[in-house]
Amino acid sequence: MKNLLLLHGFMGFPEDFNYLKNKLSKYYDNIITPAFPGHSKKIVAWKDYQLFIEDFYHTYISQETKLDCLGYSMGGRVLLSLLDKDQFSKKIINNVALVSTSFGLQTKKERQERFEKDSKLFNNIIEFRDFELFLKKWAKLPIFKGLTKSEHFDDWIASRMLNDPYELKFAVNLLSVSHMNFYQNNIPIPRNKIIYICGEMDKKYCELSKNINISSFIVPGCSHNVIFQNPKEVVKILIREFNLKKL
């Protein structure tokens, strides 16, 4: 069996990978696209990040024999934490793609400041109308340059509106980057098994890609959400770099 695990980003859904699933299904026996806690109406049942990682591992990964993985943004951060398990990273994984992914925060001070910032993110969202306004402001952040100009932007807003902002508040606390280890200098998998993908307009992550000493691919015309803005190019990169063969 050869399976593919796809992990979505913050406020995202498994359905964000529909294009990838359609184009890559001929190369895999199964494509696994779980929803994170607080997303897709999934209740946050964990209060501890490491317990969540442990449960996630046993639910979706521990029985697999061969596995390729892709994590976008928050999904990439979760993936790094999963890779930090020796059995997982050394015996199961074939290939890994990190898309617009942070490798964590280096100091305790940085982690504390980020946790405090994340914990306040949804404080002012008190009704559904406020959430739509929040999403539109979120999409205008510099890291998402060009997102609002997409012909599918209304679909992006509509899909994110399916989330419950109150559950997202718990989710951002559980899955905050402040909880993960710092992996930039100690990636928990052989570097020849991993690639990094980012958008050319996402200056922060393009700069990061230059400092991690792994194969990196910059997608033109995109910012942070490469999966949404140019899924065709992501598929091409995966087929080529993962050396995929039809079943």
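These figures come from a predicted structure and were not determined experimentally. (Residues numbered from 1 in each chain as written. Predicted model: local features only at pLDDT ≥ 70, side-chain atom pairs only at ≥ 80, totals over all residues. Heavy atoms only, no water.)

### Quick word on the packing of helix H2 (residues 49-60) against helix H3 (residues 74-83)
Between H2 and H3, the shortest axis-to-axis distance is 10 Å and the interhelical angle comes to 80°. With respect to H3, the element H2 is oriented roughly perpendicular. Contact residues: Tyr49, Phe52, Ile53, Phe56 and Tyr57 in H2; Arg77, Val78, Ser81 and Leu82 in H3. (Axes fitted to C-alpha atoms, helices over the stretch in contact; angles between N-to-C directions. Helix = DSSP H or I, 4+ residues; strand = E, 2+ residues; numbered from the N terminus. Parallel < 35°, antiparallel > 145°, perpendicular 65-115°, else oblique. Contact = heavy atoms within 4.5 Å.)

### Describing the sheet that holds strand S1 (residues 3-7)
Spatially, S2-S1-S3-S4-S5-S6 is the arrangement adopted by the six strands of the open sheet, whose pairing is parallel. Two strands lie at the open edges of the sheet, namely strand S2 (30-32) and strand S6 (215-219), each paired on one side alone. On average, adjacent strands in this sheet sit at an angle of 15° to one another, irrespective of strand direction. Across six bridges, the pairing between strand S3 (residues 67-72) and strand S4 (residues 93-99) is parallel. Counterpart to Cys69 in the pairing with S4 is Val96. (Pairing = 2+ DSSP bridges.)

### As for the pairing of S3
The element S3 is extensively covered by neighbouring structure, given that six of its six residues are classed as buried. Burial of the side chains of S3 extends over both faces: Leu67, Cys69 and Gly71 are buried on one face and Asp68, Leu70 and Tyr72 on the other. Of the pairings in the sheet, the one linking S1 to S3 comprises five bridges and is parallel in character. Counterpart to Leu6 in the pairing with S3 is Leu70. (Buried < 20%, exposed > 50% of the residue type's maximum accessible area, 1.4 Å probe, protein only.)

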